[in-house]
Amino acid sequence: MSKKHQGRNRAQESTSAIEKMYITMRHLFNRGFYKPMGVSGETLRESLLLLRPEIYGSIAEEKAELNGLIYVIDRLPIGIEECRFINLTSDEGYGSSHFEVIIPAKRRRNCYRIDEEQMNIEITRGRSEIYDILTHLTFLFIESHKISKRVLMNEKGDTTRDWIKLEKAVTSTTKLNQKEREVAITHTGNILGRTFEELNAIYPKFATKAQPDRLLHVIYWLGKLAIEEVIKNTKRTVTFSPVLRERLGHHIHGEAWAENIKNVLVDNDLIHRPTHIISANLHSVMNTLFTPKALGALVRKHEIFTVYEKLSNEANSDLRNKINQLALKEGMIFIKDKSGTNIDVQLFDTSKIDLKSSDLNISKKAKDSENPIILVMDYAFGEQAYETIDELLKPYGKKGESTHLNIESVSIMGKAGILEGGKGDIMIPSAHIFEGTADNYPFENELKKEELEGQGVDIYEGSMITVLGTSLQNKELLKFFHDSTWHVIGLEMEGAHYQKAIQAASKVRRSINPEVKVRYAYYASDNPLETGSTLASGGLGTSGVRPTYLITRKILEHIFNQ
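So, how was this worked out
Residues numbered from 1 in each chain as written. Predicted model: local features only at pLDDT ≥ 70, side-chain atom pairs only at ≥ 80, totals over all residues. Heavy atoms only, no water. Helix = DSSP H or I, 4+ residues; strand = E, 2+ residues; numbered from the N terminus. Rg over C-alpha atoms; globule rule 2.2 N^0.38 Å. Buried < 20%, exposed > 50% of the residue type's maximum accessible area, 1.4 Å probe, protein only. Contact = heavy atoms within 4.5 Å. Areas by Shrake-Rupley, 256 points an atom, 1.4 Å probe, with all protein chains shown as cover. Lys, Arg positive; Asp, Glu negative; His and termini not counted. Charge placed at Lys NZ, Arg CZ, Asp CG, Glu CD. Polar contact = N/O pair within 3.5 Å; in protein donor to acceptor, adjacent residues only side chain to side chain. Expected span 1.5 Å × (residues − 1). Arc of directions from axis to C-beta. Pairing = 2+ DSSP bridges. Axes fitted to C-alpha atoms, helices over the stretch in contact; angles between N-to-C directions. Core = buried A, V, L, I, M, F, W, Y, C linked by side-chain atoms within 4.5 Å. Parallel < 35°, antiparallel > 145°, perpendicular 65-115°, else oblique. Nonpolar A, V, L, I, M, F, W, Y, C, P; charged D, E, K, R; others polar. Salt bridge = Lys/Arg side-chain N within 4 Å of Asp/Glu carboxyl O. pLDDT = per-residue confidence, 0-100.

## Some words on the overall build of the chain
Then comes step 1: Secondary structure summary: the chain contains 19 helices and 16 strands in total.
Then comes step 2: Over its C-alpha trace the chain gives a radius of gyration of 25 Å, about what one expects of a compact globule, namely 24 Å for 562 residues.
Then comes step 3: Each principal axis of the C-alpha distribution contributes one length, and for the chain these read about 80 × 70 × 50 Å.
Then comes step 4: Here the chain holds 562 residues, and the buried ones make up 56% of them.
Then comes step 5: Looking at the chain alone, contacts between residues at least 24 apart form 78% of all its contacts between residues at least 6 apart.
Then comes step 6: Summing over all exposed atoms, the chain offers an accessible surface of approximately 24,700 Å²; the carbon and sulfur share of this is 48%.
Then comes step 7: Averaging the coordinates of the 74 positive side-chain charges in the chain and doing the same for the 75 negative ones gives two points 2 Å apart.

Following this line, the structure appears as structure tokens:
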């Protein structure tokens with residue numbers, strides 16, 4: 001009987017496309033520069049179009065992808081669409097120059113507009129950040145050429161009436177009134193292959209105070225540079241600075257970050273105390289510890305989770321300030337990052353906290369030197385998780401007189417995509433699988449599903465996949481991980497990197513307690529298997545408050561009761 005030949009399915013094609021993208025990006029980085037819409041960028045473009053990630057929606061169709069565009073624009077510096085030259089650099093001193101720092105709305109990275117044509121983006125968070133930027137730029141430039149195809153009438157560069165009208169609106173020196181704006185939106189809709197209604201709905205999401213008509217501006221400049229690439233062959237270029245290429249992978253930023261934290265611990269005589277590391281945002285632990293005392297009157301009137309929701313509202317900065325002031329009074333030390341990792345840290349000396357006023361289910365321990373230190377670090381980004389935790393868990397001091405840190409537990413709370421359930425649900429991982437490899441990291445998770453049940457949030461337990469980039473996932477690939485014997489319940493970007501560093505420090509190097517406790521829990525930011533539920537469809541809003549604080553409270557109860 002002849003063996004039946006089976007063609008590759010979409011999941012296999014997707015895996016291959018992701019692998020090809022990462023090999024290509026590493027090659028281009030080593031080369032030092034490339035032209036995204038030239039021959040050198042062809043593999044990246046083809047792979048992204050083959051992959052068709054959920055986050056980029058209709059990237060492979062003729063019509064423009066609006067939700068994907070807002071997602072990408074929020075993560076790149078304002079003005080990037082105007083720049084022909086994009087230079088990825090290390091921390092090379094631009095912070096002390098006259099250049100104004102530009103920080104994207106949804107990514108903590110320093111960017112500098114060097115001149116009309118050049119944008120510099122500072123890379124201090126490792127390879128994951130480079131992959132993130134290059135993927136977003138590839139999407140942006142593919143979209144820009146969709147615009148040029150729709151407006152160019154011939155090889156001489158003649159354009160459609162719609163384009164001429166858009167150009168007039170964008171280059172106008174006077175502010176557009178409502179009628180002029182709607183006329184411009186109509187022409188832009190024709191250019192993008194989208195309805196007036198669709199553009200009108202997304203228009204405010206692009207707007208800033210300085211640029212209320214930013215959508216028109218972005219579309220015009222993307223199209224303008226794409227037209228110049230086609231007509232004049234003036235290709236956009238991405239370069240990687242020699243210093244960045246030399247420094248990458250050497251933990252320069254992570255080492256400086258960890259050293260600074262250990263110095264603060266030594267200066268405050270805390271280096272020998274039992275220490276619990278928590279990777280989370282910089283408000284939930286502080287709010288959980290101090291809200292009942294700082295906002296006693298409010299807590300007596302409302303359920304605690306209602307108070308947490310109020311604290312998440314930007315308008316209630318006065319409430320947050322009260323908590324912050326109490327935290328500082330009761331022993332919190334805030335360590336502002338100066339290393340370039342963009343990871344700030346809070347240290348809580350629990351011997352100074354009034355635990356009697358806490359509403360947590362904890363044993364009220366006597367105040368002594370054995371009361372733990374809680375070290376809360378802000379979120380790392382992708383591979384940066386390995387660099388930072390690896391350096392933090394190393395002994396303090398020089399060879400021969402080094403001090404091992406007394407690390408009792410490491411807890412990781414983060415956002416992740418969920419593959420069953422929806423936004424706001426909680427995932428408790430039992431293992432992390434590293435995408436694109438056979439590497440897997442099973443562990444004993446101290447957090448259990450049953451501990452969090454019955455609180456109005458669905459809880460899922462199982463393996464989770466650490467992806468190379470959330471912007472590269474598509475439904476077929478995620479369905480494979482979910483439906484196969486891997487039984488994956490969600491995807492995120494840091495878990496395997498954290499666990500790799502923890503296992504190396506505890507089991508191999510023995511620089512921390514081999515029996516160190518680990519706790520992982522994630523709350524769902526999106527479900528990429530559901531249409532309209534990807535990260536590009538918008539944030540969590542208040543639906544993320546309850547799961548965030550449920551996890552935080554449970555982690556703290558474990559720490560105080562272990």
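## Overview of the side chain of S409
Then comes step 1: Along the chain, S409 turns up in strand β11 (residues 407-418).
Then comes step 2: Here the side chain of S409 touches R519 through a polar contact of 2.9 Å, side chain to side chain.

## A word on helix α18 (residues 495-508)
Then comes step 1: An ideal rise of 1.5 Å per residue puts 20 Å on 14 residues; α18 measures up with 19 Å between its terminal C-alpha atoms.
Then comes step 2: Counting buried positions along α18 gives 10 out of 14 residues, so the element sits mostly inside the fold.
Then comes step 3: By the burial criterion, the buried members of α18 are G495, A496, H497, Y498, Q499, A501, I502, A504, A505 and S506.

## Topic: helix α10 (residues 252-267)
Then comes step 1: With 16 residues, α10 extends 23 Å between its outermost C-alpha atoms, agreeing within 8% with the 22 Å of an ideal straight helix rising 1.5 Å per residue.
Then comes step 2: Looking only at α10, the buried set comprises H253, G254, W257, A258, I261, K262, V264 and L265. Buried residues of α10, viewed axially, fall in a sector of 160 degrees; they line one side.
Then comes step 3: Of the surrounding elements, those touching the buried residues of α10 are β8 (332-335), β9 (345-349), β10 (373-377) and α15 (384-392).

## With respect to the side chain of T89
Then comes step 1: Checked against the element boundaries, T89 lands in strand β2 (residues 85-89).
Then comes step 2: With sequence-adjacent residues up to four places away left out, T89 is seen in contact with Y94, N120, I121, E122, I123, S241 and L244.

## A closer look at the sheet that holds strand β4 (residues 111-113)
Then comes step 1: The strand order across the open sheet formed by six strands is β1-β6-β2-β5-β4-β3, and the pairing between neighbours is mixed. This sheet does not close on itself; its edge strands, each paired only once, are β1 (33-34) and β3 (101-102).
Then comes step 2: Sheet topology places β4 next to strand β5 (residues 118-122); three bridges connect them, and they run antiparallel. Residue pairing across strands places Y112 opposite N120, the latter belonging to β5.
Then comes step 3: Where helix α4 (residues 127-151) meets the sheet, it contacts β1, β2, β5 and β6 (237-240), and its direction lies at approximately 170 degrees from that of β2.

## Topic: the nonpolar core
One recurring pattern in soluble globular proteins: nonpolar side chains tend to sit buried together.
Then comes step 1: In terms of nonpolar packing, the biggest core is built from 84 residues, with L88, I121, I130, L140 and F240 touching the most fellow members.
Then comes step 2: Ignoring any residue separated from it by four or fewer positions in sequence, one finds I130 in contact with F29, L88, I123, F240, L244 and L248.

## A short note on the environment of L298
Then comes step 1: With respect to the helices, strands and loops of the structure, L298 is situated in helix α12 (residues 296-301).
Then comes step 2: Sequence separation between L298 and I465 is 167 residues, and the spatial gap between their C-alpha atoms is 40 Å.

## Some details on the pairing of β6
Then comes step 1: One ladder, built from two bridges, connects β1 with β6; its direction is antiparallel. Counterpart to Y34 in the pairing with β6 is V238.
Then comes step 2: Across four bridges, β2 lies against β6 in parallel orientation. Bridge assignment links I86 to a residue of β6, and that residue is V238.

## Quick notes on unusual backbone geometry
Then comes step 1: One non-glycine residue with positive phi stands out, namely R52, at about 45 degrees.
Then comes step 2: Following the sequence through the fold, R52 ends up in the loop between α2 (42-51) and α3 (66-73).
Then comes step 3: The exposure class assigned to R52 is partly exposed, which follows from its relative accessible area of 36%.
Then comes step 4: Look at R510: it is not a glycine, yet its phi comes out positive at around 55 degrees.
Then comes step 5: For R510, the location among the structural elements is in the loop between α18 and β16 (517-526).

## Quick word on the packing of helix α1 (residues 10-31) against helix α17 (residues 475-483)
The angle between the axes and the distance between the axes are what describe a pair of packed helices.
Then comes step 1: Packing of α1 against α17 brings their axes to within 8 Å, and their N-to-C directions diverge by 110 degrees. Considering the angle they form, α1 stands roughly perpendicular to α17. Packed against α1, whose contacting residues are R10, A11, S14, T15 and I18, the element α17 presents E476, L477 and F480 at the interface.
Then comes step 2: The class makeup of the residues in the contact of α1 with α17 is four nonpolar, two polar and two charged.

## Concerning the pattern of salt bridges
Note on pairing: side chains with opposite charge can pair once their charged atoms come close.
Then comes step 1: Using the criterion set out here, one finds 27 salt bridges in the structure.
Then comes step 2: Where R108 meets D378, a salt bridge forms, and the shortest distance between an N and an O atom there is 2.6 Å. In this pair, R108 is assigned in the loop between β3 and β4 and D378 in the loop between β10 and α15, connecting sequence segments 270 residues apart.
Then comes step 3: In this structure, the salt-bridge partner of D390 is R509, at a minimum N-O distance of 2.8 Å. Of the two residues, D390 sits in helix α15 while R509 sits in the loop between α18 and β16, which places them 119 residues apart along the sequence.
Then comes step 4: Exposure remark for R509: the relative accessible area of 46% places this residue in the partly exposed category.

## A look at the confidence of the model for the chain
Any segment with low pLDDT has predicted coordinates that should not be analysed in fine detail.
Then comes step 1: For the chain, mean pLDDT is 91; residues scoring 70 or higher make up 95% of the total.
Then comes step 2: Contacts from residues 1-7, a stretch scored under 50 in pLDDT, to residues over four places away or in other chains number one contact.

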